[in-house]
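As a plain string of letters, each chain reads:
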Amino acid sequence: MSDMLRQLHVWIPLFATWWILLYNNDFFSSDGNELMYLIYKPGQIVLCQLFNLVLYLLFASLAFVIIRFIYPFSNLLLCQLLVEAAMMGSMAFFCCYLFQNTGAALLVAVFYDIYLNLFDELSFFHGISIFPQQMLAVEWEWSQVVKAVLGMLVFFVTGAVLVKKRRVYK
């Protein structure tokens, strides 16, 4: 059961970054990407990012309902996973526009998620981790949830500001 919990905390938040990165890949890597900057306004880009994140959270919730038929998880775990996924998606959005590259954003997200979940057994980075330290049972850790919500808000708002500061073609 603890292995299943650990894997849920690794993969559900990490896949929240995937949709953000797929959407932004055309803005940074495609031929003719300067035309996309002329077509899409900054507000539209931010709304698409938010829509992608909410859509992923909806799909993750549906997948969790299916998993609950196999494993008796509580709704508390779903709330934890959704908050973690929203924070990771916001971090990917921020990193995309900070680095102007989706590859760097993916590396940051993978390193943060996998290292803190699988390799930080001694809790060296507990201060920046949004993931629970004990994987034996589902417990609501308010400090982790508050860090994740604050991180999500900071990353998303800062990412929205960076969208407005992106390259401008005339």
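My aim in this report is to walk through the structure given alongside it, one point at a time. In this text, all values refer to a predicted model and were calculated from it rather than measured experimentally.

The rules behind the values
Residues numbered from 1 in each chain as written. Predicted model: local features only at pLDDT ≥ 70, side-chain atom pairs only at ≥ 80, totals over all residues. Heavy atoms only, no water. Core = buried A, V, L, I, M, F, W, Y, C linked by side-chain atoms within 4.5 Å. Buried < 20%, exposed > 50% of the residue type's maximum accessible area, 1.4 Å probe, protein only. Helix = DSSP H or I, 4+ residues; strand = E, 2+ residues; numbered from the N terminus. Contact = heavy atoms within 4.5 Å. Axes fitted to C-alpha atoms, helices over the stretch in contact; angles between N-to-C directions. Parallel < 35°, antiparallel > 145°, perpendicular 65-115°, else oblique. Left-handed = near helix turned anticlockwise from the far one by under 90°. Expected span 1.5 Å × (residues − 1). Bend = angle between axes of the 7 residues up to and from the residue. Phe/Tyr/Trp six-rings, centres within 6.5 Å; stacked < 30°, edge-to-face > 60°. Nonpolar A, V, L, I, M, F, W, Y, C, P; charged D, E, K, R; others polar. Arc of directions from axis to C-beta. Polar contact = N/O pair within 3.5 Å; in protein donor to acceptor, adjacent residues only side chain to side chain.

## Notes on the nonpolar core
Reasoning step 1: Among the nonpolar cores identified, the biggest contains 24 residues, and V46, M91, F93, C96, Y97, Y112 and V163 are the most heavily contacted of them.
Reasoning step 2: Within the residue set of this core, elements represented by two or more residues are helix 1 (2-29), helix 3 (42-68), helix 4 (75-99), helix 5 (102-119) and helix 6 (142-164).
Reasoning step 3: Residues contacting F93, with those up to four places away along its chain left out, are I20, N24, V46, Q49, F156, G159, A160 and V163.
Reasoning step 4: In this structure, I12, A60, L81 and A85 belong to the second largest nonpolar core, which totals 14 residues.

## Digging into the packing of helix 1 against helix 3
Reasoning step 1: Across the interface, helix 1 lies against helix 3 with an axial gap of 10 Å and an inter-helix angle of 150 degrees. Viewed along their axes, helix 1 and helix 3 adopt a mutual orientation that is roughly antiparallel. Of the two possible hands of crossing, helix 1 and helix 3 adopt the one that is right-handed. Between helix 1 and helix 3, the contacting residues are M4, L8, W11, I12, F15, A16, W19, I20, Y23, N24 and F27 on the first element and I45, C48, Q49, N52, L53, Y56, A60 and I67 on the second.

## Some details on unusual backbone geometry
Reasoning step 1: Look at Q100: it is not a glycine, yet its phi comes out positive at around 55 degrees.
Reasoning step 2: The topology assignment puts Q100 in the loop between helix 4 and helix 5.

## A closer look at helix 1
Each turn of an α-helix holds 3.6 residues, which means side chains three or four residues apart point in the same direction.
Reasoning step 1: In a regular helix each residue adds 1.5 Å, so 28 residues correspond to 40 Å; helix 1 covers 40 Å between its end C-alpha atoms and thus fits that length.
Reasoning step 2: The sharpest bend along helix 1 reaches about 35 degrees and sits at Y23.

## With respect to the packing of aromatic side chains
Reasoning step 1: Here the structure, examined in full by the defined rule, presents seven aromatic pairs.
Reasoning step 2: Both rings, one in F64 and one in F73, keep their centres 6.3 Å apart while their planes meet at 25 degrees; by these two values the pair is stacked. Assigned by exposure class, F64 and F73 land together as buried.
Reasoning step 3: Judged by centre distance (5.5 Å) and plane angle (10 degrees), the ring pair of F111 and Y115 falls under stacked. Linking F111 with Y115, this pair stays in helix 5, spanning four residues, or about one helical turn.

## Quick notes on the packing of helix 1 against helix 4
Reasoning step 1: Packing of helix 1 against helix 4 brings their axes to within 8 Å, and their N-to-C directions diverge by 30 degrees. With respect to their mutual orientation, helix 1 and helix 4 come out roughly parallel. Relative to helix 4, helix 1 is oriented so that their crossing is right-handed. Contacts between helix 1 and helix 4 involve L5, L8, H9, I12, P13, A16, T17, I20, L21, N24, F27 and F28 from the first element and L77, Q80, L81, E84, A85, M88, G89, A92, F93, C96 and Y97 from the second.
Reasoning step 2: Looking at side-chain class alone, the contact of helix 1 with helix 4 contains 17 nonpolar, five polar and one charged residues.

## Things to note about helix 5
Reasoning step 1: For helix 5, built from 18 residues, the straight-helix expectation of 26 Å at 1.5 Å per residue is met to within 8% by its first-to-last C-alpha distance of 24 Å.
Reasoning step 2: Listing the buried residues of helix 5 in full gives T102, A105, A109, Y112, D113, L116 and N117. Down the axis, helix 5 shows its buried residues gathered within 110 degrees of arc, on one side only. Away from its buried face by more than 90 degrees, helix 5 exposes L107, F111 and F119.
Reasoning step 3: Taken together, the buried residues of helix 5 touch helix 1 and helix 4.
Reasoning step 4: Two or three places before G103, at the start of helix 5, stands the capping residue N101, its side-chain oxygen 2.8 Å from that residue's backbone nitrogen.

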